[in-house]
Amino acid sequence: MQTLLEVTLPVFLVIGFGYLAVRFRTFSDAGVDGLMKFTQNFAIPCLLFRAISTLDLDQTFQWPLLVSFYTGATTGFFVGLLGARFLFGRPWTDAVAIGFCCLFSNSLLLGLPITERAYGSDALAANYAIIALHSPFCYALGITAMEIARHGGAGVITTVKAVVAAMVKNALVIGIALGFAVNLSGTTLPGVLTEAIDLMIRAALPAALFGLGGVLVRYRPEGDLLTVLFVCAVGLVLHPTITWTLGQSLGLAQAPFRSAVVTAAMAPGVNAYVFANMYGVGKRVAATAVLFATALSVVTVSVWLSLLG
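None of the values given here were measured: they were computed from a predicted structure.

**A look at the side chain of Thr-227**
Along the chain, the position of Thr-227 falls in helix α11 (residues 225–249). Non-local contacts of Thr-227, meaning those with residues more than four positions away in its chain, are made with Phe-88, Arg-90, Ile-98 and Val-285.

Shown next, in the form of structure tokens:
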């Protein structure tokens, strides 16, 4: 267990540094906003662009990997949605936001650094394959469900427009799309450009983890405790369990199997709150779930890493 904590604790300590810096006002809220804007709109898109542009797509995008992870994610979404509606009596719009919390694991800010520390940078190819589809898939599913819940299934064109608009405005999706364009076209980028991008990449994850800690200060652990614990159970236990079971049954190789399970075991990302805030529903549950699940994942991720060996 000590070895496992040595893998996971540095990641969460960086988050903790950011949390304490903002909590004790040595780093401002405006600074956090600027830092997160830099990482999410510039540094991390550069990271994804560089990774996708150099991947061996035939070897990396394996259907057992994607089926294992996204079946677990989709199941988590519907379990969260139906549980919020029928166990906790939430309105359908709130239920969709809660389902999205169960769907959107923090594949980028937590999944990447923890996988890298546990298995090395060479183990990240499968992580990038999952991440390449993560935002498009999750937002498409979440926005479609929310528009149906809000409008009773009416307005298909409006729903499609909302989904497409969310995709084309997302810097992460743009970085991924450009990476695919370079990869598929066989374009060789100038060395000066790749070196500049690599400089941006080096700042991406440490800055994002510190910023994530600062953002968590804004989330107050209040109310809806049973619903929050339900979200944590679905995200931290059910999703990786389904991914593990399917990965084994589909004969997924060890490296992508590990990446899939570790990524599935991550706490809900900040995007879970962003989604709830975008529609003005389920915000307190989403915010508290992000905070609680991130704290709990210090232990649960160590357990999953122990099981993976």
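The rest of the description comes next.
**Quick word on the packing of α11 against helix α14 (residues 283–308)**
Close contact between α11 and α14 brings their axes to 9 Å; oriented N to C, the two are set at 35°. Like other packed secondary-structure pairs, α11 and α14 cross with a definite hand, here right-handed. Contact with α11, carried on its side by Leu-225, Thr-227, Val-228, Val-231, Cys-232, Leu-236, Val-237, Pro-240, Thr-241 and Trp-244, involves Val-285, Thr-288, Ala-289, Phe-292, Ala-293, Leu-296, Ser-297, Thr-300, Trp-304, Leu-307 and Leu-308 of α14 and no other residues of that element. A breakdown of the residues in the contact of α11 with α14 according to their chemical character gives 16 nonpolar, five polar and no charged.

**As for the packing of aromatic side chains**
Inspection of every chain in the model, using the stated rule, returns 14 aromatic pairs. Taken together, a centroid distance of 5.9 Å and an interplanar angle of 65° make the contact between Phe-104 and Tyr-139 edge-to-face. Placement of Phe-104 in the loop between α5 (92–103) and α6 (107–119) and of Tyr-139 in helix α7 (residues 125–151) is noted, with a sequence separation of 35 residues between them. On the basis of relative accessibility, which here comes to 5%, the residue Phe-104 falls in the buried class. According to the relative accessible area criterion, Tyr-139 is buried, its value standing at 7%. Clustering of aromatic rings is evident, with ring pairs tying together Phe-100, Phe-104, Tyr-139, Phe-275 and Tyr-279.

**Quick notes on the environment of Arg-23**
Note that Arg-23 resides in helix α1 (residues 2–23). For Arg-23, a relative accessible area of 48% gives the class partly exposed. Each C-alpha atom of the pair Arg-23 and Lys-169 lies 31 Å from the other, and the pair is 146 residues apart in sequence.

**Section: the pattern of salt bridges**
Counted by the stated rule, this structure contains four salt bridges. Measuring nitrogen to oxygen at the nearest pair gives 3.0 Å for the salt bridge that ties Arg-50 to Asp-198. Taken together, the positions of Arg-50 in helix α2 (residues 29–54) and Asp-198 in helix α10 (residues 191–216) put the pair 148 residues apart, joining distant regions of the chain. It is possible to trace a salt-bridge network through shared partners that takes in Arg-90, Asp-94, Asp-224 and Arg-284.

**Considerations on the confidence of the model for the protein**
Summarising the model, the protein shows a mean pLDDT of 87, and 93% of its residues fall at 70 or more. Looking across the protein, the model is least confident in helix α8 (residues 156–168), with a mean pLDDT of 69, and most confident in helix α4 (residues 63–86), with 97.

**Describing a nonpolar patch on the surface**
A surface patch of nonpolar side chains, about 420 Å² in accessible area, is lined by Phe-78, Leu-82, Phe-86 and Trp-92. Sorting elements by how many residues they give to the nonpolar patch places α4 first, with three residues. Within the secondary structure, Phe-86 sits in helix α4.

**Quick word on helix α13 (residues 270–279)**
If you check which residues of α13 are buried, you get Val-270, Asn-271, Ala-272, Phe-275, Ala-276 and Tyr-279. One or two positions beyond α13, positive phi appears at Gly-280, with a value near 70°.

**Looking at the side chain of Ser-68**
Tracing the backbone shows Ser-68 in helix α4. What makes Ser-68 buried here is its relative accessible area of 0%. Discounting residues that sit within four places of it in the chain, Ser-68 has contacts with Thr-243, Leu-246, Gly-247, Leu-250 and Leu-252.

**So, the packing of α2 against α6**
Contact geometry of α2 with α6 gives a least axis separation of 12 Å together with a crossing angle of 55°. When the axis of α2 is compared with that of α6, the two are oblique. Of the two possible hands of crossing, α2 and α6 adopt the one that is left-handed. Every residue of α6 that contacts α2 at Met-36, Ile-44, Leu-47 and Leu-48 is listed here: Leu-108, Leu-109 and Leu-112. Across the contact of α2 with α6, the residue classes tally to seven nonpolar, no polar and no charged.

What counts and what doesn't
Residues numbered from 1 in each chain as written. Predicted model: local features only at pLDDT ≥ 70, side-chain atom pairs only at ≥ 80, totals over all residues. Heavy atoms only, no water. Helix = DSSP H or I, 4+ residues; strand = E, 2+ residues; numbered from the N terminus. Contact = heavy atoms within 4.5 Å. Axes fitted to C-alpha atoms, helices over the stretch in contact; angles between N-to-C directions. Left-handed = near helix turned anticlockwise from the far one by under 90°. Nonpolar A, V, L, I, M, F, W, Y, C, P; charged D, E, K, R; others polar. Phe/Tyr/Trp six-rings, centres within 6.5 Å; stacked < 30°, edge-to-face > 60°. Buried < 20%, exposed > 50% of the residue type's maximum accessible area, 1.4 Å probe, protein only. Salt bridge = Lys/Arg side-chain N within 4 Å of Asp/Glu carboxyl O. pLDDT = per-residue confidence, 0-100. Patch = residues over 30% accessible without salt bridge, like charges linked within 9 Å, V, L, I, M, F, W, Y side chains within 5 Å. Areas by Shrake-Rupley, 256 points an atom, 1.4 Å probe, with all protein chains shown as cover. Parallel < 35°, antiparallel > 145°, perpendicular 65-115°, else oblique.

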